[in-house]
Amino acid sequence: YDIGSSGAWTAVNRLLQPLGTGLFHCGVEVYGWEWSYSFACSSTGTEYEGTGVFCSRPMCCEGHSFAMSVPLGKTSLSEEEVLKLLNTMEKEWPVKDYDILKRNCCHFCNELSLRLGVGSVPSWVSNMADAGAAVQRTADVGCCRTREAGSGCCSGGTKSAANPKTEDIVVQPVRARTSSRPPELDPD
């Protein structure tokens, strides 16, 4: 998917495509559902709690423009085994852990694909976010090297309310979490 639905990111991705990169939303289709991971805010502006894993109809993720499908192969897992896997991953991928550069939908889809036994998602899907994460790590370390001994790291490892998380600024709500959820995954 191209990020968003305005068409602006579609144009950006067309420019980035010859460079082997882009800014994408990603989902994995298995047994008639497309699974992904997101950070979203409720209509009241508060963060959701619980899982960031969600599903939608294939090629219909609300808030993004479908761009292409990339066949990865067929899983040897049964539908029941896939649902158990997704139930486990829902616990491992809480919404609070979403990070636009280091733990986003592309990273989730890569992990899901590996666990389904079909290999990795192509690297071009997430290499822009991975490059951003590498720059962020370098900047954080470089900044700390310039501080005087004993004065502490400039990033300090904490975030204040005055400095919102990156994902609060960049990611728009995709959809309500329960509207397309198959009943088989509802908590017991």
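Our subject is the structure that appears above.
Quick caveat, the model's predicted, so the values are computed rather than measured.

### Thoughts on the environment of Gly-132
Link 1 in the chain: Mapped onto the elements of the fold, Gly-132 is located in helix H4 (residues 127-145).
Link 2 in the chain: For Gly-132, a relative accessible area of 22% puts it in the partly exposed group.

### Here's the deal with the sheet that holds strand E1 (residues 28-30)
Link 1 in the chain: One open sheet accounts for 3 strands, arranged E1-E2-E3; its pairing is antiparallel. One side of each edge strand has no neighbouring strand; the edge strands of this open sheet are E1 and strand E3 (53-56). On average, each strand axis in the sheet is inclined to that of its neighbour by 35 degrees, with strand direction left out of account.
Link 2 in the chain: The sheet strands contacting helix H3 (residues 105-116) are E1, strand E2 (33-37) and E3, and the helix crosses E2 at an angle near 125 degrees.

### As for helix H1 (residues 8-16)
Link 1 in the chain: Along H1, the residues that are buried comprise Thr-10, Asn-13 and Leu-16. Projected onto a plane normal to the axis of H1, the buried residues spread over an arc of 125 degrees and lie on a single side. Along H1, exposed side chains directed more than 90 degrees from the buried face belong to Arg-14 and Leu-15.

Cut-offs used in this document
- Residues numbered from 1 in each chain as written.
- Predicted model: local features only at pLDDT ≥ 70, side-chain atom pairs only at ≥ 80, totals over all residues.
- Heavy atoms only, no water.
- Helix = DSSP H or I, 4+ residues; strand = E, 2+ residues; numbered from the N terminus.
- Buried < 20%, exposed > 50% of the residue type's maximum accessible area, 1.4 Å probe, protein only.
- Pairing = 2+ DSSP bridges.
- Axes fitted to C-alpha atoms, helices over the stretch in contact; angles between N-to-C directions.
- Contact = heavy atoms within 4.5 Å.
- Arc of directions from axis to C-beta.

These values are about where atoms sit, not about what they do.
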